[in-house]
Amino acid sequence: MDTEQRLRDAAEKLALTLSQGGMQKTTARVMTALLYTEQESMTAADLRDQLAISSGAVSAAVKQLIPLGLIERVPAPGSRRDHYRFRRGAWASLMSQQNAILQVMVAAAEEGLDAAGDEGATARRLHEMKDFYAYMAEQLVPLIDTWREKYAAEHG
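Residues numbered from 1 in each chain as written. Predicted model: local features only at pLDDT ≥ 70, side-chain atom pairs only at ≥ 80, totals over all residues. Heavy atoms only, no water.

What follows deals with the overall build of the chain. The helix and strand inventory of the chain stands at six helices and three strands. The secondary structure elements of the chain, listed N-terminal to C-terminal, are α-α-β-α-α-β-β-α-α. For the C-alpha atoms alone, the extent of the chain along its principal axes is close to 65 × 40 × 35 Å. For the chain, with 156 residues in total, the buried portion stands at 28%. A fraction of 48% describes how many contacts in the chain between residues 6 or more apart in sequence connect residues 24 or more apart. Summed over its atoms, the accessible surface of the chain is roughly 10300 Å², and 53% of this surface lies on carbon and sulfur atoms. Considering the chain, the positive charge centre built from 18 side chains and the negative charge centre built from 21 side chains are found 8 Å apart. (Helix = DSSP H or I, 4+ residues; strand = E, 2+ residues; numbered from the N terminus. Buried < 20%, exposed > 50% of the residue type's maximum accessible area, 1.4 Å probe, protein only. Contact = heavy atoms within 4.5 Å. Areas by Shrake-Rupley, 256 points an atom, 1.4 Å probe, with all protein chains shown as cover. Lys, Arg positive; Asp, Glu negative; His and termini not counted. Charge placed at Lys NZ, Arg CZ, Asp CG, Glu CD.)

What follows is the structure, encoded as structure tokens:
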């Protein structure tokens, strides 16, 4: 099996894992195609042909992936088509977005505690929830910053 086929197989395997985790299957396939390609960028037509999906499916996937910071539209001199690539720093950006979710969970626990009060089984569970998510939010930002600094020092 050649390298290109092995990369495509690995991309499809990761896409399946991501779709089992909640990402739409086509979106996961587009993302992993861009992650695993040896090309600097791919057009929507490249993605459509490689993945055997419709242009509309590519467009919908791109519309989901760009705001997440996983892929980006890039200029391609001499080409009238949009080109896309997997964004450098995408993993740290994606994890940084989790901080907003952590804050939502803290706020939800606080709202529950306001309703339940500080005593009882409900309060005990909500305090644990609040403490856990507050701790994760506190630790996540410096952890990502440290990783970015380390990665930049090692990879320029």
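Moving on, there is more to tell.
The next point concerns the pattern of salt bridges. For the structure on display, the rule yields six salt bridges. The partner of Arg48 in a salt bridge is Asp49, with the nearest N and O atoms 3.2 Å apart. For Arg48, a relative accessible area of 30% puts it in the partly exposed group. Take Asp49: its relative accessible area is 54%, and that puts it in the exposed class. Taking the shortest distance from any N to any O, the salt bridge between Arg85 and Glu72 comes out at 2.6 Å. Taken together, the residues span a long stretch of sequence, with Arg85 in strand β3 (residues 83-86) and Glu72 in strand β2 (residues 71-74) at a distance of 13 residues. (Salt bridge = Lys/Arg side-chain N within 4 Å of Asp/Glu carboxyl O.)

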